[in-house]
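# Per-entry structural report
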Amino acid sequence: MGFKALCFGLLCVSFLSYIYTPMPDNIEETWKVMALDAVAKTCNLVATLCDAIGLMKYEDVLVIFTSVHFTKPVSDENITVIDTDVSDIPVRLYLPKRKSERKRPAVIFIHGGAFVLGSYKISAYDDLNRRTANKLDAVVVGIDYRLAPKHPFPAALEDCVQVTKFFLQDKVLTKYRVDPSRICIMGDSSGGALAATVTQLLQNDPNFKDKIKALALMYPGLQLLDTLLPSHQEYQHGPILTRKMVIKLVCLYVTEDKVLPQAALRNEHMPTESRHLFKFVNWSHLLPEKYKKNHVYIEPVLGKLNVSYPELVDSRLSPLLVNDSQLQSLPLTYIVTCEHDLLRDDSLIYISRLRNVGVKVTHEHIEKGIHGALSFTRAPVFLNLGLKIRDKYINWLEENL
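In this report, the structure presented in the accompanying data block is examined. (Residues numbered from 1 in each chain as written. Predicted model: local features only at pLDDT ≥ 70, side-chain atom pairs only at ≥ 80, totals over all residues. Heavy atoms only, no water.)

### Digging into the overall build of the protein
Heads up, the condition is: Every helix listed is a DSSP run of H or I at least four residues long, and every strand listed is a run of E at least two residues long, numbered separately from the N terminus. Radius of gyration here uses only the C-alpha atoms, and the compact-globule reference equals 2.2 Å multiplied by the residue count raised to the power 0.38. Type-normalised accessible area, obtained with a 1.4 Å probe on protein chains alone, sets the label of each residue: buried when under 20%, exposed when over 50%, and partly exposed for intermediate values. Here, residues are in contact when the closest pair of their heavy atoms is within 4.5 Å. Per-residue and other accessible areas follow the Shrake-Rupley method at a 1.4 Å probe size, with only the shown protein chains counted as cover for residues.
Along the backbone of the protein there are 15 helices and ten strands. For a compact globule of 401 residues, the expected C-alpha radius of gyration is about 21 Å, and the protein comes in at 21 Å, within 12% of that figure. Once the C-alpha set of the protein is aligned to its principal axes, its extents read approximately 75 × 50 × 40 Å. Taking all 401 residues of the protein together, 57% fall into the buried category. Within the protein, counting contacts between residues at least 6 apart in sequence, those at least 24 apart form 75% of the total. As presented, the protein carries roughly 17,700 Å² of accessible surface, and 57% of it is formed by carbon and sulfur atoms.

If you want it as structure tokens, here you go:
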């Protein structure tokens, strides 16, 4: 009996040590963040164990956890909410009920989830889009693009481009009384990468150039070339999002081959012919000095993989890989970064490059922020940080769209 109790105690201690991550000193609502971080790591552990014993795939377990927070298309006194589709791609529309003499602005919303998880149905996203529609008297379109690994790159992007182009048609804008000069594309995390890429592609398409007035990105991940930026090292264990977890999930958008995430963890995943692309993500030149700290730039090891993944050098996967001439055509851009976020430096590099080519950028850096804060704005657990970011974003839209 005593031996069993000892084993159980050791198991509990091991589990607690696995899920415990010390929190930075200046994080807001520390205990809430610690609890959320513990839940995230527990879900990751359960998914890893299920995958290891062959019970269920890692990503399928996480999909089950995230789907708990899905909502139905429920209308209220101010907004009509409709689930429909565009060429079999699910979309959710938020349509203001109040009559308006002038045409309305519109926001195209692309959810995050590392290209593997998520949906516009998640309660926090539903709340965000409903509030945006109501506060701005705007039409909001949420896109449920196809998810990896069942639908690898570029499926998610193709869906987002297709829905956006459909919505930008004159007859569709007229149907919903949308002002064609007041349209924004918004995305968070991996949805931010999709939003940036969609906008970059449209700006280089003569049929759609200048049809997007604004681009809004919430703590986006914008490149897969270098997996050891300073923020990747500083926050490799979280909070919330860990380096191992994000690499494992994002690599599923490229391939289910386990060789790629293992190589990416060592920063040895890029081919030799990609060397010329590193000037676009070289943090030693593009990162503001305060974020370099004592880190020393070491170029990733190239050509170690025997397998070739052409997606890794495709700017449609990593929007930071486009040249400056493509970036300079981007519209007014709003970017939120969070200090305690392993994806922080992707955005800071993007901001530097955008400003260097004359794009007007509004940058909100949240010193006490963590990745995914916008996902925690609804019960049972919400963060004041998430509410602040949500309100800052909506206020910016109100002033600029």
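### Description of a nonpolar patch on the surface
Short version of the rule: Patches here are clusters of residues that have more than 30% relative accessible area and form no salt bridge, with a 9 Å joining cutoff for like charges and a 5 Å cutoff for nonpolar side chains (Val, Leu, Ile, Met, Phe, Trp, Tyr). By salt bridge we mean one thing: a side-chain nitrogen of Lys or Arg within 4 Å of a carboxyl oxygen of Asp or Glu.
On the surface, Ile53, Leu55, Met56 and Ile64 cluster together into a nonpolar patch covering about 420 Å² of accessible area. Position of Ile64 relative to the elements: it lies in helix H3 (residues 58-67). Relative accessible area serves as the criterion here: at 46%, Ile64 is assigned to the partly exposed category.

### Notes on the packing of H3 against helix H9 (residues 243-252)
Relative placement of two packed helices is described by the angle separating their axes and the distance separating the axes. The following threshold applies: Throughout, an axis means a line fitted to C-alpha atoms (over the contacting stretch in the case of helices), and angles, computed between N-to-C directions, take values from 0 to 180 degrees. For classification purposes, angles smaller than 35 degrees are called roughly parallel, those larger than 145 roughly antiparallel, those between 65 and 115 roughly perpendicular, and all remaining angles oblique. Polar here means any residue other than Ala, Val, Leu, Ile, Met, Phe, Trp, Tyr, Cys and Pro, which are nonpolar, and Asp, Glu, Lys and Arg, which are charged; Gly is therefore polar.
For the pair H3 and H9, interaxial distance at closest approach is 11 Å and the crossing angle is 105 degrees. Accordingly, the angle class assigned to the pair H3 and H9 is roughly perpendicular. Counting all contacts with H3, which are made through Tyr58, Glu59 and Leu62, the residues of H9 involved are Met245, Lys248, Leu249 and Leu252. Split by residue class, the contact of H3 with H9 holds five nonpolar, no polar and two charged.

### As for the nonpolar core
Heads up, the condition is: Buried residues of nine kinds, namely Ala, Val, Leu, Ile, Met, Phe, Trp, Tyr and Cys, make up a nonpolar core once their side-chain atoms join them within 4.5 Å.
If you look at the biggest cluster of nonpolar residues, it comprises 95 residues, and the most contacted ones within it are Ile110, Phe167, Ile185, Leu194, Leu249, Tyr253 and Tyr350. In terms of residues, this core owes the most to one element, H9, which gives seven residues. Once residues within four sequence positions are removed from consideration, Ile185 is found in contact with Ile108, Ile110, Thr164, Ala195, Val198, Thr199, Leu202, Ile212, Ala214, Leu215 and Ala216. Counting 40 residues, the second largest nonpolar core, distinct from the first, contains Ile27, Val81, Met186 and Cys338.

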